[in-house]
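Inside the fold
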Amino acid sequence: MASPGPKGLVPFTRESLEVMEQHSAKKHSEEHKEDLKPNTDLEVGKQLSFVYGNLPRAMVSEPLEDVDPYYKNKMTFIVLNKKRTIFRFSATWCTLSPFNSVRRTTIKILVHPFFQLLILISILIDCIFMSMTDLPKWGPALQNTLLGIYTFEILVKLIARGIWAGSFYFFGDPWNWLDFSVTLFEHISRYSPPNFISIFRITRNLRILKIIPLNQGLKSFVGILIHCLKELTGVIILTLFFLSIFSLIGMGLFMGNLKHKCLRWPQENETETLHNRTGNPYYIRETENFYYLEGERYALLCGNRTDAGQCPEGYVCVKAGVNPDYGYTNFDSFGWTLLALFRLMMQDYPEALYHQILYASGKVYIIFFVVISFWFAFYMASLFLGILAISCEEEKQRAAEKAKKIEPELQQALTELQEGNKAAETKTTEIEMKKRSSTSMITSLDMLDDATIRHKEGLRRSRKKCPCCWYRFAKTFLIWNCSPCWLKLKEFVHMIIMDPFTDLFLTICIILNVHFLALEHYPMSLETNNILNIENQVFIGIFTAEMIFKIIAMHPYGYFQVGWNIYDSLIVFHGLVELYVTHFHGLAVFRSFRVLRIFKLGRYWPTFKILMLTLGNSMMALKDLVLLLFTFIFFSAVLGMKLFGSNYKIYVCNIDEDCQLPRWHMHDFLHSFLNVFRILCGEWIETLWDCFKVAGHFSCIPFYMMVILVGNLLILYLFLALVSSFSSYKAATTEENDEAKNLHRAMARIKKGINYVLSKILCKKQNVPEETMDNVSDIYVKENISDHTLSELSNTQYFLKDQEKSSGTEKNTMTENGSQSLIPSPSVSETVPIASEESDIENLDNKEIKSKSGDGSSKEKVKQSSSSECSTVDIAISEEEMVYERGKPKRLKNSYGRRFSSAQISRDSKKGKIWQNIRKTCCKIVENSCFKCFVGLVTLLSTGALAFEDIYIDQRKTIKILLEYADMIFTYIFILEMLLKWMAYGFKAYFTNGWYQLDFMVVIVFCLSLIGKSREELKPLISIKFLRALRVLSQFERMKVVVRALVKTTLPTLNVLLVCLMIWLAFSIIGVHLFAGTFYECIDPTSGERFPISEVMNRSQCESLVFNESMPWENAKLNFDNVGISFLSLLQVATFNGWITIMNSAVDSIGVNMQPNFEDNIYMYCYFIDFIIIGLFLPLSMLIGAIIANFNKHKVKLGGSNIFITVKQKKQYHALKKLMCEVSQKPVPRPGNKFQGFVFDLVTNQVFNVIIMVLIFFQAITIMIQSDEQNPKIDIAVYWINSVFVTLYTGECVLKLIVFHYNYFTNGWNIFDFMVVVFSITGLFLPLMVGYYLVPPSLVQLILLSRIIHILRPEKGPKVFHDLLLPLMLSLPALLNISLFIFLIMFVYAIFGMYNFAYVKKEAGINDVSNFETFGSSMLCLFQVTIFAGWDGMLNAIFNSKWSDCDPDKINPGTHVRGDCGNPFVGIVYFVSYILISWLIIVNMYIIVVMEFLNIASKKKAKTLSEDDFRKFFQVWKRFDPDRTQYIDSSKLSDFAAALHPPLFIAKPNKGQIVAMDLPMAVGDRIHCLDILLALTKRVMSKDVSMEKVLSEMESGFMLANPFKITYEPITTTLKRKQEVVSATIIQRAYKSYRLRQNDKKTSDIHMIDGDVEVQTIKEDSYFDKTEGKSTI
């Protein structure tokens, strides 16, 4: 970016235009072009910087010369308004002259701020009218006025800018095209026929988007998002590709299956009644003949497979009727299948489709859903998040670079202004420069431009320029220094209110107040209500007294200078007002504002303070993006209302039997807005079905796709921007305020007092005041534990330990702390040198600790780290542990000899030697690899045995007996292993290791389960057997790595989690205030529906009905009657499961003991919208940002490697990276035979591969055009088409076998093609032998379709696909480890579910497919919960614990267990804990892939060379140097450089660039490989600081790899050779010219004739000039 070089503002005159034209003409005549770019600070719409001087009044709204050097010769000029906003206009043709009075007038109108304000107000008024369903009488007149304003605006822009499509013309701006089109259509609609009016009126809604060009921030974000869309092109194409492939697979597997229903089989006496009375072959559409489950709308689906849904007795499974969900959910054609797969990918109501397919096709097809939901949806979401994260980071870096560039330019401009301008002007510039540089570094995205900075500076100056009378008033009345008595009182109050114990007391009061707020519930006794009212008055009094005392101590002026004091005063004011307002009817909602007292804790909580500060800065930087999102939602709501609003009213009977509008429609703006919000929350398929029924397919799908895609793009970008800002959160850098420090001081004093009392009681001497300081620091650190990370906590613990030693009070507190967690302190982890690979601590953290401590302290640590006092076994550290052990001092090994000096006496005795030998033997046994493998195998067997203990175990006597014996054997083996480790390691080492503690707990579980089987009263102990599976964690290193990583990334975020829970607590309390006791309703037992309010208005009327006993006044299972159930309800809203039911109850609620009415309280939707935004979206970004920060921190500690993989997997990672970057395998030599050579050329030609790909796509198209119940002729045609494709693929395979011979099977892709041919031939002829029933006709098509995967082949397919697949492939080792861990978690929860919910009544979410009766069904349920789908239905079934809902005495056949009731408390804990754990794991999976994206992108952007680049270089080198001479001819250098891969690649023509590299040349004009590589590396890394280091390492590495290479001394270089060639050419031409002149002279002397001498001389001179001109270069 060129320096602005400000020289002041110059008016644009005719002379300026002439000079500009001359420069432009001169520039066109010259060949070279200036490498200038537009200055981003001088773009249109931005404010001109003050470095260009003040703006005189005479220059306002007048043409000025362009200050941007880029536009110097572009025939443009600028105009500035009063706010210094830049407007740029063209001075060329197709417009009036810049000096024309008419154009100048229109320019003044256009740039005037009032004109823009007028347009903005007009648009806002128009938006209000667009959102109205019925306009007032004066509405048309106002619309005509607005249309006149828009027309006037277009005319002004046309005259001011000119009618042309170039830059700065009217039609050069796409937004002007939008304005012109909308205004034109609106004029046409005034005079068009009535049939076309609706079409043109819909286009009028596009005027809402006119808000975007009026705001420069919105416009810039639109540009950023368009750039993101360009970057996402490859991802979108890949998504459509995979969607199409899975859709074709779905068609082949499930076509027509969803029509299978249970039909009542006609009995002997009712054959005639069920006979076909219509004559229609599809007569079985009569719904009364199908089987329906209780409460279900659609008939029960069934299948003919054994694992599919089965029909009850008297029914048979037939294909009949229509598809479920009004016929819109099916796999019968490509379009509907694509919609179903898109629904699965977006995870919208997947459990319904999931159950339908498993019922109709069989449980084995769960694999299809696992692939779609776990792999495809996860991978596609990771791709979108990765690309958007890259764009977000690029924008962040671009803004940072811009800030760095601006500062020196402003310094230079400031120097120039200091020479010629006034001091005041200079001061203004300094303020602006400092503000710009500081603000750009604080904001998260640096999106604040110059206008924002100047606006803030203006606000600050306006605040400072207060009237003098205000200062006089504040000094007189707000600063109280009246009398000495008052000052003494003030000092006394100040001492009290600022005392640490006062802050501690206030903190306790806030916590108690929050506790009392959370105690409110329904129903609540009068006594409890009175107690809560009294406590409210007490706390209001305390907070009021606090405010009064602080005002006295600080003066009112000083008190209200602090933001927290203002917040406290508002809370006090609200509390006092509430005491008088709550008695009035309708103002009870005022109580909800009590929850603001919760956030008073932020004053004493540094984490809360910094999170709110980060959020504030981020929202200020992203305010334009938030406004853009709201604009899009408003536009979508208005557009939906205009498109479908009338249809919902006309065709309402299609969607409701009573012809009443449903809850979700678009007839009015409010419901349309709610519908759009629901779509953006991820639930759109049900409303789409309603839209289909009232408006048709072709109008609904484009609207819904627009809202889903564009809306999710905006939300994801906003989410990533917030996560990026919160990822910089560091609790350790939080600056504590005085209140937080006072808390630590108060706690330190309390600890000191307790220690003093204990010392007096125990008759111990109290040490000197140094110990007091130690105690103070001890308390301070312990209180600060929650605000620090684990590594800093470890440092603090070491510091405390050294302090304790120095004071003479050595305590083994670290062992106690370490024994309580799987992550003990570092010192404890070193206490097991024998089984070092079992340690679960990251010893890289110890590296920093030990580097900080001295030699003495390190020796002390070594002395404390013995396995036991008698251990004499030296154990080799495993390879995995080397990473964690590299931070240990080298003296560690020698210390062991000294450590065991105390055992020398016992070694001399015989008993000591025997004991030593026993321990050595035990240690060798437990460290033996075979023993470890055996224990691991037994662990897997004992875990797998749990899966057999389902509800059918009592019927399988043999298996039950075998499992009982196996449990005993497993118990004895694990007890033996535990005893051996006790002998080998000692008790101290064993019980201070977290993994051994886990093993010990599992042994206890085994013993308890055996005891439970022996006695009937202890039988409940058997249910804890599911904990046995946790032993797998301690046996496999991959599991350990995942657990360590999850703990490292999660534990430091507990503080952030508490902040999020505090926000949820506030919403829970508000929910209790709003909805407690209002979810009750009177239910009609016959229909199961609610009585209308016209029949039952309240509880007393419900109870007074005739059938009192059967008319229950029931409460919703999920409600807001207390804070606990409110948390559960909010969790369902947060996971978007069951949230519609909860919102319906809230919207229908009227009051306590009142019958709900349909949408009587519709504005309660605002509560849930606020919760989703404030209670879900923002806390989620906080949590994920904190997790990413910890992830990156620990990744840096490991040297940049992934923290979720082991050391062995790191090698696999590098091998996988090599494999993915490998270009091709070793080429097959061309055969010598002519025929084989011809075939070889044919099959290796690129055209041949293209033809094969075209055939594959044609074969895919043949599947797309098929549908269910198609014409039999089409089936025959498809069969022959498949035969043709099989023949062609077979021919391809035969041709390649003829050419490649055995080499054909050395390529995995060829093997895959061969298998496809074999299976397709088999599938083609097998149905002819065994029948089409056993072999579906789509089998051959699916086998042939599998070849489409060739498009993802690295060498053959598009490079963009390879780049998108690379991060996923590189993340596979880590994803595999996490997948194993999540499978283990699912296994444990599945076993627990079998023990507790196996006999729960089947209703809601528990049915024949999803239940806990068997292990397989339990895993299906947990898979469903893992994707956050349908867990509300399962919990609803488990909530059946009353006599009215279930039967506790029900007999379950085949077992002794009775009843089908659930346990609500266990169910809540079960599902909530599993959701939190699975969410945490899935978030880390996303982080791994997205970080891999960012890692690859950063390496590409940084001009550095990787190992892959060098490998590719040598692969290309092999083609040019097949003999491996390490030299190539200089003539091949150009082709070689053009054949390389980026970034070493040099495109042709490249000879000039190669010559400029000055490569050394050996004899024969040959160039060495290393010289070329070094020169290309210099070219790529020219600006890198580490270039010299890289070059030296490359050279030394090459010499080591090739020690025996033949070297040649270079005789010249490419540059010298070029100079020699040019010089030789010049000399040769000069010599030839000289010889020609000599020959001509001799000829002229012989044949000289009078008068010819002068002519001959002229010819010679002209010839000499020509030859001399040719010889120049």
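Residues numbered from 1 in each chain as written. Predicted model: local features only at pLDDT ≥ 70, side-chain atom pairs only at ≥ 80, totals over all residues. Heavy atoms only, no water.

Here we look at the overall build of the chain
Put simply, the test is: Starting at the N terminus, helices and strands are each numbered in turn, a helix being any DSSP run of H or I of at least four residues and a strand any DSSP run of E of at least two. Relative accessibility decides the category of a residue: with a 1.4 Å probe and only protein chains considered, values under 20% of the type maximum give buried, values over 50% give exposed, and everything between is partly exposed. Here a residue-residue contact requires only that any non-hydrogen atoms of the pair lie within 4.5 Å. Only the protein chains shown count as cover for residues, with accessible areas throughout obtained via the Shrake-Rupley method and a probe of 1.4 Å.
A tally of regular secondary structure across the chain gives 64 helices and 11 strands. Burial status across the chain gives 49% buried among its 1673 residues. When contacts within the chain are restricted to residue pairs at least 6 apart in sequence, those whose partners lie at least 24 apart make up 75%. As displayed, the chain has an accessible area near 84,100 Å², and 63% of this comes from carbon and sulfur atoms.

Overview of unusual backbone geometry
Cis peptide bonds are those with omega within 30 degrees of zero, and the linkage from Tyr-522 to Pro-523 qualifies with -5 degrees. Note on placement: Pro-523 falls in the loop between helix H17 (500-518) and helix H18 (526-559). Look at His-1301: it is not a glycine, yet its phi comes out positive at around 55 degrees. You can see His-1301 is positioned in the loop between helix H50 (1272-1300) and helix H51 (1308-1330). Taking relative accessible area as the criterion, His-1301 reaches 40% and is therefore assigned partly exposed. You will see that Ala-1404, though not glycine, has its phi angle at about 55 degrees, which is positive. Looking at the element boundaries, Ala-1404 is found in the loop between helix H54 (1372-1397) and helix H55 (1415-1426).

Digging into the pattern of salt bridges
Pairing between side chains of opposite charge can happen when the charged atoms of each approach one another. Note the following rule: Basic side-chain nitrogens of Lys or Arg form a salt bridge, by our definition, when they fall within 4 Å of a carboxyl oxygen of Asp or Glu.
Inspection of the entire model under this criterion finds 52 salt bridges. With its nearest N and O atoms 3.9 Å apart, the salt bridge here joins Asp-179 to Lys-157. Residue Asp-179 is found in helix H5 (residues 174-191), and its partner Lys-157 is found in helix H4 (residues 139-161); the two are separated by 22 residues along the sequence. Per residue, the accessibility class of Asp-179 equals that of Lys-157, and both read buried. Across the pair Glu-977 and Arg-1031 runs a salt bridge, and its minimum N-O distance is 2.1 Å. With Glu-977 in helix H37 (residues 957-985) and Arg-1031 in helix H40 (residues 1031-1035), the pair connects residues that are 54 residues apart, well separated along the chain.

Examining the pairing of strand E3 (residues 86-90)
Under the convention used in this document: Criterion used throughout: strands pair if DSSP finds at least two bridges between them.
Counting buried positions along E3 gives five out of five residues, so the element sits mostly inside the fold. Residues Ile-86, Arg-88 and Ser-90 point to one face of E3 and Phe-87 and Phe-89 to the other, with burial holding for every one of them. In terms of strand pairing, strand E2 (residues 76-80) meets E3 through five bridges, oriented antiparallel. Bridge pairing in E3 places Ile-78 opposite Arg-88.

Details of H54
Note the cut-off: Given a helix with a known number of residues, its expected span is that number minus one, times 1.5 Å.
Across its 26 residues, H54 extends 35 Å between first and last C-alpha, which sits within 8% of the 38 Å expected from 1.5 Å per residue. Counting buried positions along H54 yields 19 of 26 residues, so the element is predominantly enclosed.

Some details on the side chain of Glu-1492
In this fold, Glu-1492 is placed in helix H57 (residues 1464-1501). The contact partners of Glu-1492, leaving out residues within four places of it in the chain, are Tyr-1213, Pro-1367, Leu-1370 and Ser-1371.

Focus: the sheet that holds strand E1 (residues 63-65)
Strand-to-strand pairing in sheets goes through backbone hydrogen bonds, with the strands running parallel or antiparallel. For clarity, the cut-off: Geometry is summarised by axes, namely lines fitted to C-alpha atoms with helices restricted to the contacting stretch, and by angles between N-to-C directions that run from 0 to 180 degrees.
One open sheet holds the three strands; their spatial order is E1-E2-E3, and the pairing between them is antiparallel. The open sheet has two free edges, formed respectively by E1 and E3, since each of these has just one partner strand. On average, each strand axis in the sheet is inclined to that of its neighbour by 45 degrees, with strand direction left out of account. Note: E1 against E2, three bridges, orientation antiparallel. Its bridge partner being in E2, Glu-65 is matched across the sheet by Phe-77.

Some details on the packing of helix H9 (residues 233-254) against helix H10 (residues 334-345)
To keep things clear, this is the line we draw: The crossing is said to be left-handed when, going from far helix to near helix, the turn is anticlockwise and less than a right angle, and right-handed when the turn is clockwise.
H10 packs onto H9 with a crossing angle of 115 degrees between their chain directions and a minimal axis gap of 9 Å. In this structure, H9 crosses over H10, and the sense of that crossing is right-handed. Touching Thr-239, Leu-243, Ser-244, Phe-246, Ser-247, Leu-248, Gly-250 and Met-251 of H9 are Phe-334, Thr-337, Leu-338, Leu-341, Phe-342 and Met-345, all from H10.

Some thoughts on the packing of aromatic side chains
Quick reminder of the rule: The pairing test for Phe, Tyr and Trp rings, Trp by its six-membered ring, is centres within 6.5 Å, and the orientation test on the planes gives stacked under 30 degrees, edge-to-face over 60, and tilted for anything in between.
Per the stated rule, a full pass over the model turns up 93 aromatic pairs. Ring geometry for Phe-246 and Trp-375: centres 6.4 Å apart, planes at 65 degrees, overall edge-to-face. Of the two residues, Phe-246 sits in helix H9 while Trp-375 sits in helix H12 (residues 366-420), which places them 129 residues apart along the sequence. By relative accessible area, Phe-246 is classed as buried at 10%. For the pair Tyr-326 and Trp-689, a centre-to-centre distance of 6.5 Å together with 70 degrees between the ring planes defines the contact as edge-to-face. With Tyr-326 in the loop between strand E5 (315-319) and H10 and Trp-689 in helix H23 (residues 685-695), the pair connects residues that are 363 residues apart, well separated along the chain. Taking relative accessible area as the criterion, Tyr-326 reaches 34% and is therefore assigned partly exposed.

What to know about the state of the cysteines
This is how the line gets drawn: The disulfide criterion is simple: two cysteine sulfur atoms within 2.5 Å.
Applying the stated criterion to the full structure yields six disulfides. Between the sulfur of Cys-262 and that of Cys-311 lies a disulfide, 2.0 Å long from S to S. Around the S-S axis, the bridge from Cys-262 to Cys-311 shows a dihedral of about -95 degrees and counts as left-handed. Remark: Cys-311 occurs in the loop between strand E4 (260-264) and E5 and Cys-262 occurs in strand E4; sequence separation between them is 49 residues. A residue is classified by how much of its surface remains accessible, and Cys-311, at 22% relative accessible area, is partly exposed.

Focus on the nonpolar core
Short version of the rule: Put simply, a nonpolar core is a bunch of buried Ala, Val, Leu, Ile, Met, Phe, Trp, Tyr and Cys residues held in one set by side-chain atoms that sit within 4.5 Å of each other.
Counting residues in each nonpolar core, the largest one holds 301 residues, and the members touching the most others are Leu-238 and Phe-1204. Once residues lying within four places of it in the same chain are set aside, the contact partners of Phe-1204 are Val-1041, Val-1042, Ala-1045, Leu-1046, Phe-1191, Gln-1209, Ala-1374, Asn-1377, Ile-1378, Asn-1484 and Ile-1488. Counting 25 residues, the second-largest nonpolar core is a separate cluster that includes Phe-1536, Met-1557, Ile-1567 and Leu-1576.

Considerations on the pairing of E2
In terms of residue burial, E2 counts as a mostly covered element, since five of its five residues are buried. In this structure, the hairpin formed by E2 and E3 is closed by a connection of five residues, where Arg-84 is found at a positive phi of approximately 65 degrees.

Concerning the packing of helix H42 (residues 1054-1075) against helix H44 (residues 1123-1134)
Put simply, the rule is: The labels follow the angle: roughly parallel below 35 degrees, roughly antiparallel above 145, roughly perpendicular from 65 to 115, and oblique for the rest. When residue character is reported, Ala, Val, Leu, Ile, Met, Phe, Trp, Tyr, Cys and Pro are called nonpolar, Asp, Glu, Lys and Arg charged, and the others, Gly included, polar.
Between H42 and H44, the least distance of the axes is 9 Å, while the angle of their chain directions is 110 degrees. With respect to each other, H42 and H44 are oriented roughly perpendicular. The interaxial crossing formed by H42 with H44 has right-handed handedness. Packed against H42, whose contacting residues are Leu-1061, Trp-1064, Leu-1065, Phe-1067, Ser-1068, Ile-1069 and Val-1072, the element H44 presents Val-1123, Ser-1126, Phe-1127, Leu-1130, Leu-1131 and Ala-1134 at the interface. When grouped by side-chain class, the residues that make up the contact of H42 with H44 number 11 nonpolar, two polar and no charged.

Quick word on the environment of Val-577
With respect to the helices and strands, the residue Val-577 is situated in helix H19 (residues 563-581). In this structure Val-577 comes out as partly exposed when scored by relative accessible area, which is 26%. Considering only alpha carbons, one finds Val-577 and Phe-590, 13 residues apart in sequence, at a separation of 9.3 Å.

Some points on the confidence of the model for the chain
What counts here: Per residue, pLDDT measures the predictor's confidence, with a range of 0 to 100.
The share of residues in the chain with pLDDT of 70 or more is 78%, and the mean pLDDT across the chain is 79. Counted against residues more than four places away or in other chains, residues 1-6, with its pLDDT under 50, gives 17 contacts. Long-range and interchain partners of residues 422-465, a stretch whose pLDDT sits below 50, account for 73 contacts in this model, where long-range means more than four residues apart.

Focus on a nonpolar patch on the surface
Note the threshold: In this scheme, patches are assembled from residues that exceed 30% relative accessible area and form no salt bridge. Like charges are connected within 9 Å, while nonpolar side chains (Val, Leu, Ile, Met, Phe, Trp, Tyr) are connected within 5 Å.
Judged by side-chain polarity, Phe-501, Ile-750, Ile-754, Tyr-756, Val-757, Leu-758, Ile-761 and Leu-762 come together as a nonpolar surface patch covering roughly 730 Å² of accessible area. The leading source of residues in the nonpolar patch is helix H25 (residues 738-761), at six residues. Residue Ile-754 is classed as partly exposed on the basis of its relative accessible area, which comes to 44%.

Observations concerning the side chain of Asn-1119
Applied cut-off: The definition of a polar contact used here is a pair of N or O atoms within 3.5 Å, where within protein one atom must be able to donate a hydrogen and the other to accept one, and adjacent residues in sequence count solely through side-chain atom pairs.
By the element assignment, Asn-1119 lies in the loop between strand E7 (1113-1114) and H44. Looking at Asn-1119, its side chain comes within polar contact range of the main-chain nitrogen of Asp-1121, at 3.1 Å.

Let's talk about helix H22 (residues 669-680)
One turn of an α-helix holds 3.6 residues; hence residues three or four places apart share an orientation. Helix length check: H22 (12 residues) gives 16 Å between terminal C-alpha atoms against 16 Å at 1.5 Å per residue, within 8%. With respect to burial, H22 is a largely interior element, 11 of its 12 residues being buried. Taken together, the buried positions of H22 are occupied by Phe-669, His-671, Ser-672, Phe-673, Leu-674, Asn-675, Val-676, Phe-677, Arg-678, Ile-679 and Leu-680. On its buried side, H22 packs onto helix H21 (623-650), H23, helix H24 (697-726), helix H45 (1139-1148) and helix H46 (1165-1197). Sitting at the head of H22, Asp-668 places a side-chain oxygen 3.3 Å from the backbone nitrogen of Leu-670. Gly-682 lies just past H22 and shows a positive phi near 105 degrees.

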